[in-house]
Structure formats: structure tokens, C-alpha cells
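# Residue-level structure breakdown
What follows is the residue order along each chain.
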Amino acid sequence: MIIGVPKEVKDHETRVGLVPAGVKALIDAGHKVLAETNAGLGSSLTDDEYRHAGAEIVPSAADVWAKSDLVIKVKEPQPSEYAFLRPGLTLFTYLHLAPLPELTDRLLEARVNAVAYETIREADNTLPLLTPMSEVAGRMAVQVGAQYLEAPNGGRGVLLGGVPGVSPANVTILGGGVVGHNAAKMAVGLGAHVTIIDRNLNRLRELDDIYSSQIVTLASNTYTILGSLKTADLVIGAVLIPGAAAPKLVRRDMISKMKKGAVMVDVAIDQGGCFETSHATTHTNPIYFVDGVLHYCVSNMPAAVPRTSTFALNNATLPYLMDLANHGLKAACEASPALREGVNTYNGHVVYAAVAESQGKQWTSLSAVM
Ligand SMILES: NC(=O)c1ccc[n+]([C@@H]2O[C@H](COP(=O)([O-])OP(=O)(O)OC[C@H]3O[C@@H](n4cnc5c(N)ncnc54)[C@H](O)[C@@H]3O)[C@@H](O)[C@H]2O)c1
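Below is a short write-up of the structure. Treat the numbers as computed from the prediction; the structure is a model and nothing was measured.

### Regarding empty space enclosed by the protein
In this structure the tally under the stated criterion is 1 cavity of 30 Å³ or more. As a volume, the largest cavity reaches approximately 30 Å³. Around the largest cavity, the lining residues are His-96, Leu-97, Ala-98, Glu-118, Thr-119, Gly-243, Gln-271, Asn-344 and Val-355. Looking at the lining of the largest cavity residue by residue, the classes come out as 3 nonpolar, 5 polar and 1 charged.

Take a look at the structure:
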């Protein structure tokens, strides 16, 4: 199979879909890899390293897309890449289609077989390709929040850990999954008062066992969320219903009851965001204010730490990529229910139920069309 690695084009997106170690594994298995020139430069990976691993360096993105059977990326295709979509192409990347009807339409029109990292689900219900970036984003959310709480950056001038004689900051985390847990780890480490709110009581039990009296856990409902928001200095949105639009847990009127200069980091923005006031921002223009409350809603947070993120992502994607390359999409999906769960669009059909539901589109079962 010919595997293509384009350079990412999203704002400040400096991760890359495949590192030289992955190139070598594919070449050893008898495949061919085309890497766009400078595809890995943002992650400090040079063309020479790709060449050395066995890739052919290709001068333009158009060539990579046109000549590959499978394109491996990091972020969803951007409008400048829509022209490269074509029938029969297998696309393996983060897609987060629920809030992106235009991209979904393009994938359907072009009859691209799109496999989304974020919906691949193993038998134990884990999302193995979402996990590494959620670990990065969760840890980053606290770093970013601490930075924006500083007065020169627009925040209310609070140090997360406080100092002897002065209270630490209150950090509220909505959703205690991978992002939430990693955010909690950092916030607890910095000495903040941490509250985690989740609707899954078993998850709260696990977190309570891990952190004991270092955190407060609360069941998710409007009452507990509002109570926690009123005292929060930093709020981290980290809920997920896989494949679906994020539930709006913080309504517009709740924001006005928060402290001025408090900071909200909506990590769930890639699924539409869990604050009603959220809209996606970029690393170039990451923040805006609503009622004096600072919002940070960057949909590709891990791109700020590409060297860490690229390797963490590749560690997780490579086994699935090898299956796709060695067996082709159809046979790989037949052998792996986890990979099958990743297919979002196939030959002009939406085959992932939550995406179809979020966009009011027709859902078709993958087995009916594959
Ligand atoms: N912005 C970024 O750069 C970035 C990077 C990585 C991940 N993410 C996103 O972060 C979000 C969280 O990812 P994750 O890996 O932690 O997911 P996860 O499945 O591990 O955790 C989600 C948690 O949300 C909880 N939840 C669901 N509905 C809830 C509700 N109504 N109230 C309270 N809790 C609720 C679930 O019980 C679960 O514990 C996803 O949307 C993911 O795509 C964004």
C-alpha cells in the first residue's frame, strides 16, 4: 500500500501523522511511504530522517494526496485540502465530525473512507487514540489556565497554589475522564483546591480512591455545577459523549454569576464545547471574554507541544495503521471491531451513528455498505 504523510495546515498545527520509526515499520512490511517535504519539521523531524527511514520525500501536498492509497494525518482536512478528497481514498486522522457538517458533506460527496482516531474503541470501552492527546490536553489545560489567571494575561491575578497565609485557587473540572484526570493530577500537584464533576459515579469512586481527600468529587447536575462555578477561579471543560456533540453543561446565564477574571478552558471544544458561550479559537487568537470571564477554546491544544504530542500520538496510532496497511480497510475492519468503530464515512454514507444523529443525517450500518 502507498501511505501518504502530508504536512499539517491547521493554524499552528505542528504535529505530524507519522514519525520516521513508523515509516521504517511500514517499509519493513513492504509498503511505500510518501512524505511531503518538511512534514515533520514542526516536530523537529527533518526530511533526512524520513529519507533515512525509507520514505520518499514529495514536494507538494497535492502529490501526496493524489498518489496515496491511505493518507495519515493529525487534524481533520481543512478547506484548503478539500480539493484533494477523492473516491476510494482511506483517510486516517482525527475528524471530530459531529460539529463539522460542511466537512462531513465533503467527505460524503468525495466518497472518502474516513477512519476517525477518536471513535476507535476497544472492547474495554477505552478510546486508545484519543487517550494520548487527552493526556496532553488535560495536563496543558492547567498550565494554560495558570498562565491566563495571571493579571497581565487578563485573568484575576491568582496563583494556583496560593502561598502560606493565602488560599489557593479553586479549580473545577467538568468530566473526570482522561482529560479530567490529567488536569486534576497537575492541579493537585500545584496545590490548588480541586473539584471534579462527572455523571458517572463509578468514575468518581475511582478518582476518590486515587486522590482521597486531595479532591472533592460531585455528581453532575445543574445545581452542583452552578455552585462550583460561583467559587471557581479556573474551570476546565472535559466531558465527552463519544462521537456526539458535547452537552452544554454551562449555560450563558451561569457565566454572569462567576467571578470576573476567572478562566474557562473548554478542552471539549473539538466536540462543539461544553459551555454555551464557547466557540473554537486558535493558537494565534486563543482567548476572548464573556461577562468578564476569560474563555480559552483552542481545538488543537496539543499542537502547542508538538514534540511530545507527535510521539505520544504515533505510539498509539501505529498498530492500527499497520493493520490498515497490511490488510486493507475492509479486511482490517472485519478482523478488528475496534477499528470498525473508527469508520465514520464510507463510500458516501455516514456509518457512525452519533455523527449522523448530531447532524440530522441518515445513518447507514457499515456492514450494509462495506
Ligand atoms: N481541545 C483539544 O485540543 C483536545 C485534545 C484532546 C482531547 N480533547 C477532547 O476532550 C474531551 C474529553 O476527552 P476525554 O478523553 O477526557 O474523554 P473521556 O471519555 O475519557 O471522559 C469524558 C468524561 O465526561 C463524562 N461526562 C459525560 N457527560 C457528562 C455530563 N453530562 N456531566 C459530567 N460528566 C460527563 C464521562 O462520564 C467521562 O468520565 C473530548 O471532547 C476530547 O475530544 C480536546
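### Looking at the packing of aromatic side chains
Within the structure shown, the criterion is met by 4 aromatic pairs. When the centroid spacing of 4.8 Å and the interplanar angle of 90 degrees are considered together, the rings of Phe-92 and Tyr-117 count as edge-to-face. In this pair, Phe-92 sits in strand 5 (residues 90–93) while Tyr-117 sits in the loop between strand 6 (113–116) and helix 5 (131–148), placing the two residues 25 residues apart along the sequence. For the pair Phe-92 and Tyr-117, a shared accessibility class is recorded, and that class is buried. Here a set of aromatic residues connected by ring pairs shows up, and it is made of Phe-92, Tyr-94 and Tyr-117.

### What about a nonpolar patch on the surface?
On the surface, a nonpolar cluster with roughly 280 Å² of combined accessible area is contributed by Leu-159, Val-163 and Val-166. Tracing the backbone through its elements, the reader meets Val-166 in the loop between helix 5 and strand 7 (170–174).

### Quick notes on the side chain of His-96
Mapped onto the elements of the fold, His-96 is located in the loop between strand 5 and helix 4 (101–109). Aside from chain neighbours lying at most four places away, what touches His-96 is Lys-75, Glu-118, Leu-130, Asp-270 and Gln-271.

### Observations regarding the sheet that holds strand 4 (residues 70–72)
The strand order across the open sheet formed by 8 strands is 3-2-1-4-5-6-14-15, and the pairing between neighbours is mixed. Each edge of the sheet is formed by a strand with only one pairing partner; in this case those strands are strand 3 (56–58) and strand 15 (349–350). Relative to strand 3, strand 2 (residues 32–36) runs parallel, the two being bridged by 3 bridges. Of the residues in strand 3, the one forming a bridge with Ala-35 is Ile-57.

### Some remarks on the site of the ligand
The environment of the ligand is formed by 28 residues, the closest being Ser-134, Asp-198, Ser-220, Asp-270 and Met-301. Take Arg-199: an N or O atom from its side chain is 3.2 Å from a nitrogen atom of the ligand. Protein burial of the ligand: of its 870 Å² of free accessible surface, 90% is covered by the chains. More than half of the atoms of the ligand fall within 2 Å of the grid points belonging to the largest pocket. When contributions to the shell around the ligand are tallied by element, the ones reaching two or more residues are helix 5, helix 6 (178–189) and strand 8 (193–198). With 3 residues, helix 5 is the largest single contributor of residues to the shell around the ligand.

Conventions we followed
Residues numbered from 1 in each chain as written. Predicted model: local features only at pLDDT ≥ 70, side-chain atom pairs only at ≥ 80, totals over all residues. Heavy atoms only, no water. 1 Å grid on protein atoms, 1.4 Å probe; cavity = no way out; pocket = protein on both sides within 12 Å on 5 of 7 lines; lining within 4 Å. Points joined across faces, edges and corners; volume = space filled by probe spheres on them. Nonpolar A, V, L, I, M, F, W, Y, C, P; charged D, E, K, R; others polar. Phe/Tyr/Trp six-rings, centres within 6.5 Å; stacked < 30°, edge-to-face > 60°. Helix = DSSP H or I, 4+ residues; strand = E, 2+ residues; numbered from the N terminus. Buried < 20%, exposed > 50% of the residue type's maximum accessible area, 1.4 Å probe, protein only. Patch = residues over 30% accessible without salt bridge, like charges linked within 9 Å, V, L, I, M, F, W, Y side chains within 5 Å. Areas by Shrake-Rupley, 256 points an atom, 1.4 Å probe, with all protein chains shown as cover. Salt bridge = Lys/Arg side-chain N within 4 Å of Asp/Glu carboxyl O. Contact = heavy atoms within 4.5 Å. Pairing = 2+ DSSP bridges. Near = heavy atom within 4 Å. Polar contact = N/O pair within 3.5 Å; in protein donor to acceptor, adjacent residues only side chain to side chain. Sits in = over half its atoms within 2 Å of the grid points.

Read these as spatial facts, not as claims about activity.
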